[in-house]
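What the coordinates show
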Amino acid sequence: MKIAVIGAGIYGSTIALTLAENGFEVDLIEKEDDILKVSNPISLRAHAGYFYARSPETMLSCKENSTLFQQMYPGGVVDGATHYYAIAKHGSKITGKEFLAALDTYELPYKKISESLLNKELIDECIVVDEYSYDPDELRIEVKRKLAMSTVKLLLNTDASEAAFAQYDLKIIAGYASNNDIARTITGQPIEEYEYRFCEKVVVRLPEIFHKKNFVVLDGPFFQIDPFGSNGDIFALSSFVHSVHSRHEGNYFDIDEEKRGLVGKGVVKNPSLTNARQIIESIKKFIPEIEMAEIIGSLYAIKPLIPRESTDARPVVTKKVREDVLVIFSGKVAGSIKAAEECLAYAKKLV
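Attention here is on the structure that accompanies the text. Quick caveat, the model's predicted, so the values are computed rather than measured. (Residues numbered from 1 in each chain as written. Predicted model: local features only at pLDDT ≥ 70, side-chain atom pairs only at ≥ 80, totals over all residues. Heavy atoms only, no water.)

1. A short note on the environment of Pro190
- Position of Pro190 among the secondary structure elements: in the loop between helix 5 (179-187) and strand 11 (194-205).
- Note: C-alpha distance between Pro190 and Phe235 (45 residues apart in sequence) is 37 Å. (Helix = DSSP H or I, 4+ residues; strand = E, 2+ residues; numbered from the N terminus.)

2. Some thoughts on the sheet that holds strand 1 (residues 2-6)
- As summarised here, the arrangement of the six strands in space is 9-2-1-10-18-17, forming an open sheet in which the pairing is mixed. Looking along the sheet, the strands with just one partner apiece sit at the ends: strand 9 (153-155) and strand 17 (317-322). Averaged over neighbouring strand pairs, the angle between their axes works out to 20° when direction is ignored.
- Judged from the three bridges that link them, strand 2 (residues 25-29) and strand 9 form a sheet pairing that is parallel. Bridge pairing in strand 9 links Asp27 to Lys153. (Pairing = 2+ DSSP bridges. Axes fitted to C-alpha atoms, helices over the stretch in contact; angles between N-to-C directions.)

3. Section: the nonpolar core
- By size, the foremost hydrophobic cluster in this structure holds 41 residues, and its most contacted members are Val5, Ile10, Ile15, Leu19, Phe69 and Ile172.
- With residues near it in sequence (within four places) discarded, Val5 still touches Gly12, Ile15, Ala16, Leu19, Val26, Asp27, Leu28, Ile29 and Ile172.
- Listed in part, the 26 residues of the second largest apolar core include Ala86, Ile123, Val202 and Ala276. (Core = buried A, V, L, I, M, F, W, Y, C linked by side-chain atoms within 4.5 Å. Buried < 20%, exposed > 50% of the residue type's maximum accessible area, 1.4 Å probe, protein only. Contact = heavy atoms within 4.5 Å.)

4. Overview of the sheet that holds strand 3 (residues 45-46)
- Strand order across the open sheet formed by three strands is 3-8-4, with antiparallel pairing between neighbours. The two strands at the open ends of the sheet, each matched to only one other strand, are strand 3 and strand 4 (77-78).
- Judged from the two bridges that link them, strand 4 and strand 8 (residues 132-134) form a sheet pairing that is antiparallel. Looking at the pairing, Val78 lines up with Ser133 of strand 8.

This is the structure we're talking about:
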């Protein structure tokens, strides 16, 4: 049985490795010149469930997959940092009491703490949790090493439209924002209507007082401060409000050439389009010392979401489009483990 996995992001790569380890012949097809290139830097936290207290299903999925992801890709993990989660007193969709009750119910460990960098007047609850981030460059190296040691045939610079899909018994689409484009090539039509977001994370250098500290403040319009790489002084900042430059719903993402030219380029210095100052200012009311941030550049990506009501749910969706076509969708890095297991189970049924 021969399988094509289209898209060599973390999902496609993990699926390909899992299938190959179980004896399947796998071609991993990627239109870019490298793996984990386009969407990899936009999510730097391997969520263990704390972020999704309003969705029990997502909490439990993240809790399980986070551990499995760390076991599969230990070389990409940035560990040893202190991870803070805080609930704002005002504007949050969940209270501190409700947040802690959800963590207790689903046995996510935490420790209540007071952190001097946070403006206590605006914080309802603050905890330290057992979570980790990953270094996008080191993760790419780790995945490449595993692919090189496997039987997976990696085809870079290969557009899906150029592949001879008739030779494959199973096609697995794991193209994230490009899922519908790939599906149209294979099946003649798009699969799903998404809400597409053009997103920015600003990359900064922070002073010593921030080193080994990661922050998430859940405030409805939340923000995150995540390490970027393993150096300790470089961080990626994001804001629910200001990181999203534009959004639209449809079968395909529609952005102008200026935005398209920023996607998948790594850290862009002095970008022509940026909300860096707005992102920093939105964090400043909670963490005043963030004003000392030295801006290095910004990361950009197209982030698709399944249109839905306001909820924390972020399911891993494995959709059978045809007997020989699966489409994989989710934005959570560690969810790639679950997706790989579901693809393996389906492939075994076809044998």
